[in-house]
Amino acid sequence: MSFPLLTVVAVVPAAGAIATAALPAAKRTAAKWLALLFSLVTFALALVVAFRFDPGSKSPYQFTESHAWISDFGVRYELGVDGIAVALIALTTLLIPFIILAGWHDADPLETASDGGSATGTPNRYSWRPTQGFFALILAVEAMVVISFEATDVFVFYIFFEAMLIPMYFLIGGFGDRAGGDGEEEAASRRSYAAVKFLLYNLAGGLIMLAAVIGLYAVTADQLGTGTFSLQQIVEARAAGRLDIGTGTERLLFLGFFFAFAVKAPLWPLHTWLPGAMGESTAPVAVLITAVVDKVGTFAMLRYCLQLFPQASSWATPVILVLALISVLYGALLAVAQRDIKRLIAYASISHFGFIILGIFAMTSQGQGGATLYMVNHGISTAALMLVAGFLISRRGSRLIADYGGVQKVAPILAGTFLIGGLATLSLPGLAPFISEFLVLVGTFSRYPVIGIIATLGIVLAALYVLVLYQRTMTGPVKSEVTGMPDLRVRELVVVAPLIALLLFLGVYPKPLTDLVNPAVDHTLSVVDKKDPKPTVQVDAVPGGGRHGHAVHDQDVEAAK
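We now turn to the structure provided with this report. Note that the structure is predicted; figures quoted are calculated from it, not measured.

Summarising the element assignment, Phe155 is placed in helix 5 (residues 154–163). Of the residues examined, Phe155 reaches a relative accessible area of 22% and is grouped as partly exposed. Between the C-alpha atom of Phe155 and that of Arg395, which follows or precedes it by 240 residues, the distance is 45 Å.

Structure below.
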């Protein structure tokens, strides 16, 4: 029996969550270091998976594990990764140590006698924030996200897809942003509202998906003789003609899965929970939401929607492309109008997720390859921008853009890293997101030229909201409230510098990522039975009285010859 590497990658952060939560209340510093240690070990294990993964293998999934779990209901503990999953696991485990470092003081006691608290030196009634719980919840989310990327059994995936909502609910509602500018009671009310909205939206999507999961099991039990949730078994049975779901049933099941993933992604008009959740969270938790957890939604579209329901995916493509296009433009327009820094980044992420979904359902190798790269690069760029924004907000105590000005004169390193994160967000050539967005647009244009052309407006709007944000906060006269603002500290530089280095490296040399994900993209397209549109060529003269100066398909040229 081979070593269960994928299980270990998921178990280590789960064990870290338990160990961190079990520390005594007084051991706050020890809890931080312990959580950081477990996150670094998890990242090291993810690197082992990435370096041992063979992109040239003919098997669609590697490091597979399969064990009987609930045999009476056809549930098996099945894990396996393709190149897309490996890339997203690497992204997740890379970001978690930076999230922990960035949130190093986010769960510390708020007020004591030494810093303005009660005269007795004990925390005020709103001041105690359980440090151990904060970092344990982050590790718990990491474990659930990792196993969601690894699962090849639909039921196993569903369990962790839903379970990750619980720690995220407590992270949003219990450890919210301290820079709202209002009293603690009002801030707590806003956090509670954002957390409940996040939970209700995602639970609603999950319940609809559960009905579809049960329906899928019933169909397989009826036609295969025994019900199964195994992704590989279902895909192989459909390819061999042993499983015919039926057009109407397949469309209903597809919609059940897609609705849940569209909420998680989030796709317009199911996006409204995201700005509140990110705005009321601390910056590290906001990064956890949009750079890690939300990626499960777009990943699941590729792995489950397209592979389980290929005909229904093609049927729904025109509507999904329109919704994705609306997300691109709507998110960008709302970002332009924002006065709150964190909500601006949240709406920008909605626009970016629109690009990702556009690439997935363009059904081309360039589009899906670009969408996968976009998931990774968006995670890095958004983490860099949001974490620097969090450092800025913690210094001034306000999220409002109007409360800043002239920051680059008093904190040039902070301003410079903020600029690089912003330029990556607008997909500047030379930074990692550019190649992702370019491939998505090329892949979309080759099959749906009108949608591809309209989507390019999102690039223009991105330049507008990012550059205006930088201009209003970092340039101009130094506002009195900004005077004396400290520059980035060593811990903060340790968080930001590697992310910027990755943005630069992958911006000029994306080959390691493309080599990893392209075989998985090709496999997905083969399951959906889609091929890239044939290129056209310019023909000056075709022997035998052919056309002059017209673009024709290459098969027309061969026929003319």
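Resuming the write-up.
The next subject is the pattern of salt bridges. When the charged atoms of two side chains with opposite charge come close together, those side chains can pair. Applying the stated rule across the entire model yields 9 salt bridges. Glu280 is the salt-bridge partner of Arg399, the closest N and O atoms lying 3.4 Å from each other. Taken as a pair, Arg399 in the loop between helix 15 (365–396) and helix 16 (407–410) and Glu280 in helix 10 (residues 273–280) lie far apart in primary sequence, 119 residues in all. With a relative accessible area of 8%, Arg399 lands in the buried category. Of the charged contacts, one joins Arg489 and Glu492 as a salt bridge, the two residues approaching to 3.5 Å between their closest N and O atoms. Taken together, the shared-partner salt bridges connect Arg190, Glu280, Asp340 and Arg399 into one network.

Along the chain, Ala265 connects to Pro266 via a cis peptide bond; the corresponding omega equals -5°. Counting through the fold element by element, Pro266 comes out in the loop between helix 9 (247–264) and helix 10. In the segment running from Trp268 into Pro269, the intervening peptide bond is cis, with an omega of 5°. One non-glycine residue, Ser427, lies in the positive phi region at around 65°. Locating Ser427 in the fold gives a position in the loop between helix 17 (412–425) and helix 18 (432–447). One non-glycine residue, Asp529, lies in positive phi territory at about 60°. Along the polypeptide, Asp529 turns up in the loop between helix 22 (511–528) and strand 3 (536–539).

Reading the values: rules and limits
- Residues numbered from 1 in each chain as written.
- Predicted model: local features only at pLDDT ≥ 70, side-chain atom pairs only at ≥ 80, totals over all residues.
- Heavy atoms only, no water.
- Helix = DSSP H or I, 4+ residues; strand = E, 2+ residues; numbered from the N terminus.
- Buried < 20%, exposed > 50% of the residue type's maximum accessible area, 1.4 Å probe, protein only.
- Salt bridge = Lys/Arg side-chain N within 4 Å of Asp/Glu carboxyl O.

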